[in-house]
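The chain contents come next:
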Amino acid sequence: MTDHHDHSGRSAAGDELSFDAFDESSDPRPEETGFDLVVEEAVSRRGFLGGAVAVGTGAFLTGTAALTVADARAAARNAARNATGRLAFKAVAAGTDDTVTVPEGYRWHIVVRWGDPLWSGGKAFDPATRGTGASQERAFGDNTDGMALFMAGGRSILAVNNEYTNRSIMYGMRDSMKPENADDVRKGKAAHGVSVMEVAQSGGKWQVVKDSPFNRRITADTPMEITGPAAGHDLLKTKADPAGRRSLGTWNNCGNGRTPWGTYLTCEENFNGYFSSSDKALALSPAFRRYGIRHKDWGYAWATADERFDIAKHPNEPNRAGYVVEIDPLDPASTPKKRTALGRIKHENAELVVAANGRIVVYMGDDERGEYLYRYVSDGVYAAGGNTGDLLDRGTLYAARFNADGTGEWLALTPQTTGMASRAEICIHTRMAASAVKATTMDRPEWVAANPHRAEAYCALTNNKNRGKKPNAGGDAAPVGGPNPRAGNKYGQIVRWRPANGDHTAKTFSWDLYVLAGNPAVHKDDRKGSDNVNPGNFFNSPDGLAFDSRGLLWIQTDGNYSNAGDFAGMGNNQMLIGDPATGEIKRFLVGPKECEITGVAFSGDRRTVFVGVQHPGERGNSHWPGGGDSVPRSAVIAIARDDGGVIG
Ligand code: FEO
Ligand code: CA
Ligand code: CA
């Protein structure tokens, strides 16, 4: 989900606020005072693990700073052995072209675009109508986001999130640029959710295998099972589902995860913006306020055609969204499961690791200004081929506290620690639980990625204009300090942590910043970024993160693409690759105009990387990928080396 609208407040469509701006517009937050005290605390933090690098007013660690001397020597030896290093490609220059640019020696092509049918009986995308409810239900959804590739007997199954729609594009054939009737709403709901499809190479290009038995559309109307502690709770009961165990649909599916037992995790992020109230005098509960449930929706008009989105009539319906949903991508008849044990937040992604003791650990960010970073730890242990049915239902949620001295701890969210009545309530009102234990308010936690080669995880903190200025939606202070070291943070940073004793279930961890994004061409203070940022690789608003098999970190951006002022020289949104061992970061890809780059998956032979290009032309200034005066369409692309070598 883009957030760059923050800078202008409104898009070219005139009335499409970013989700965050929308949430705050109806719930203005008071100015915060006294945060300067915490700046001093951050400044005093030096010498964590040796070699701290101080930038501007905040003292924190970057690049190689947190590595041991042995790590650094090993990295140097490796670099000497391979003169081209581990980032052996020529960096792509920042740019503003309306296309995708990859390094010399690499090529890309389109795999699937918004509106492309997944079945041969489907209707090809019609730019005059931009589709109908019926055509969209048989076609790839809009705004591609997180994805994962699964192998089944040599066949490649790609599961892809379709996060949301831009109504100026979806309904751009109309003067109003809005949904105007029930079929418009049906189309919009069908453009959300998840697209599961077989892909295969033909003539050197990956394409959708139409009519594959694996192909499936999951939309805002697909039946779901609710599992875990909150299933059956009174807060989840509705007229249509008096048991509180069956809901319809998933929407605003942002990042993803995957399990070692072969399932796909899709994460419901800005689920709130779809609800509205037919009673404009309806009192909004504190929980509605915390989660951004308002009288008005974000412009989707779903309640006009489906009354479950009317909170005046169905006040518990919003409690049935905001979860991580588990999908079996190889069984199109399976019912997706909303795993309430993983909490109800604006879920970005769900990075799952198997801890050394066999427990399942899932790291999750809540992407809103001043919200929290979470961890789930299963009660049971994973064994290949064993029963995995309740590993995501029985366990404990934690929220992260980061201390200024480079240490941190996971705060368990239990009835005892939070004062809340039950685990069910904690799983439904998770934000309030994390506030109760005084976790650290973060600069919009986006994707988490775990290093496959060591017990270490990274989280993109994309930006936070409120840092040091305003509290979060629950009134929790957002002081400058720790992993959130800059007031009014425009550029974002990536924090990483290492669990004590290499154990992802440990209570404590140490942390540092892998990169502090910034613009060294414009600023000399802490806005210039960390030492591993330079005019050759600068970027803003890191968002998507994923490790490849080599232990390199792919970084995707969803930021300000104005290429002016604080963002001069950065160009369009992009994808970079970082080497955690050296701190080096190189730009690998630049996207078309007004897109964000989000979602990454590798083919089974790791010779192709699939990448998502979301909302090109969200302000009306792109015709990618068709060119000419065509309708811009979000798409998944495939990138390979010219020599066919392994890419990740
Ligand atoms: Fe869907 Fe926070 O990005
Ligand atoms: Ca994102
Ligand atoms: Ca984002």
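Read on for a plain summary of the structure. Note that this is a predicted model, so its numbers are computed, not measured.

Rules of the game
- Residues numbered from 1 in each chain as written.
- Chains lettered and ligands numbered in written order.
- Predicted model: local features only at pLDDT ≥ 70, side-chain atom pairs only at ≥ 80, totals over all residues.
- Heavy atoms only, no water.
- Pairing = 2+ DSSP bridges.
- Helix = DSSP H or I, 4+ residues; strand = E, 2+ residues; numbered from the N terminus.
- Axes fitted to C-alpha atoms, helices over the stretch in contact; angles between N-to-C directions.
- Core = buried A, V, L, I, M, F, W, Y, C linked by side-chain atoms within 4.5 Å.
- Buried < 20%, exposed > 50% of the residue type's maximum accessible area, 1.4 Å probe, protein only.
- Contact = heavy atoms within 4.5 Å.
- Phe/Tyr/Trp six-rings, centres within 6.5 Å; stacked < 30°, edge-to-face > 60°.
- Lys NZ or Arg CZ within 6 Å of the ring centre and 35° of its normal.

1. Overview of the sheet that holds strand S30 (residues 635-641)
Part 1 of the reasoning: The sheet built from four strands is open, its strands ordered S3-S30-S29-S28 with antiparallel pairing. The open sheet has two edge strands, strand S3 (106-113) and strand S28 (596-602), and neither has a second partner. Recorded for the sheet is a direction-independent mean angle of 25° between the axes of neighbouring strands.

2. A few points about the nonpolar core
Part 1 of the reasoning: Membership of the largest hydrophobic core comes to 27 residues, with the highest contact counts inside it found for Leu342, Val362, Met364, Tyr374, Tyr376, Leu392 and Leu413.
Part 2 of the reasoning: Looking at this core, the elements with two or more residues in it are strand S12 (264-268), strand S16 (359-365), strand S17 (373-381), strand S18 (395-402) and helix H10 (430-436).
Part 3 of the reasoning: No other element matches S16, which puts three residues into this core.
Part 4 of the reasoning: Contact partners of Leu392, with chain neighbours within four places excluded, come to Thr259, Trp261, Leu265, Glu326, Arg339, Ala341, Leu342, Leu352, Ile360, Val362 and Tyr376.
Part 5 of the reasoning: Core analysis: the next-biggest nonpolar cluster, separate from the first, contains 24 residues, Phe89, Phe588, Val611 and Ala635 among them.

3. A look at the packing of aromatic side chains
Any pair of aromatic rings gets described here by the distance separating the centres and the angle formed by the planes.
Part 1 of the reasoning: Counted by the stated rule, this structure contains 33 aromatic pairs.
Part 2 of the reasoning: Both rings, one in Tyr106 and one in Phe588, keep their centres 5.1 Å apart while their planes meet at 80°; by these two values the pair is edge-to-face. Of this pair, Tyr106 sits in strand S3 while Phe588 sits in strand S27 (residues 585-590); the two residues are 482 residues apart in sequence, bridging distant segments of the chain.
Part 3 of the reasoning: For Phe588, a relative accessible area of 1% corresponds to the buried category.
Part 4 of the reasoning: Their ring planes at 70° and their centres at 5.3 Å tell us that Tyr458 and Phe547 sit as a pair that is edge-to-face. Of the two residues, Tyr458 is situated in strand S21 (residues 457-461) and Phe547 in strand S24 (residues 542-547); the sequence distance between them amounts to 89 residues. For the residue pair Tyr458 and Phe547, the accessibility class agrees, reading buried in each case.
Part 5 of the reasoning: Put simply, the rings of Phe19, Tyr164, Trp251, Tyr274, Phe275, Trp298, Tyr300, Trp302 and Phe309 pair up and form one aromatic cluster.
Part 6 of the reasoning: Taking the ring centre of Trp119 as reference, the NZ or CZ of Arg138 above it sits at 4.3 Å.

4. What about unusual backbone geometry?
Part 1 of the reasoning: Cis peptide bonds are those with omega within 30 degrees of zero, and the linkage from Trp624 to Pro625 qualifies with 0°.
Part 2 of the reasoning: The topology assignment puts Pro625 in the loop between strand S29 (608-614) and S30.
Part 3 of the reasoning: Phi angles above zero are rare outside glycine, and Glu594 is one such case at about 60°.
Part 4 of the reasoning: Tracing the backbone shows Glu594 in the loop between S27 and S28.
Part 5 of the reasoning: Using a relative accessible area of 7% as the deciding quantity, one classes Glu594 as buried.
Part 6 of the reasoning: Here the phi dihedral of Arg606 falls at roughly 60°; this positive angle occurs in a residue that is not glycine.
Part 7 of the reasoning: Tracing the chain through its elements places Arg606 in the loop between S28 and S29.

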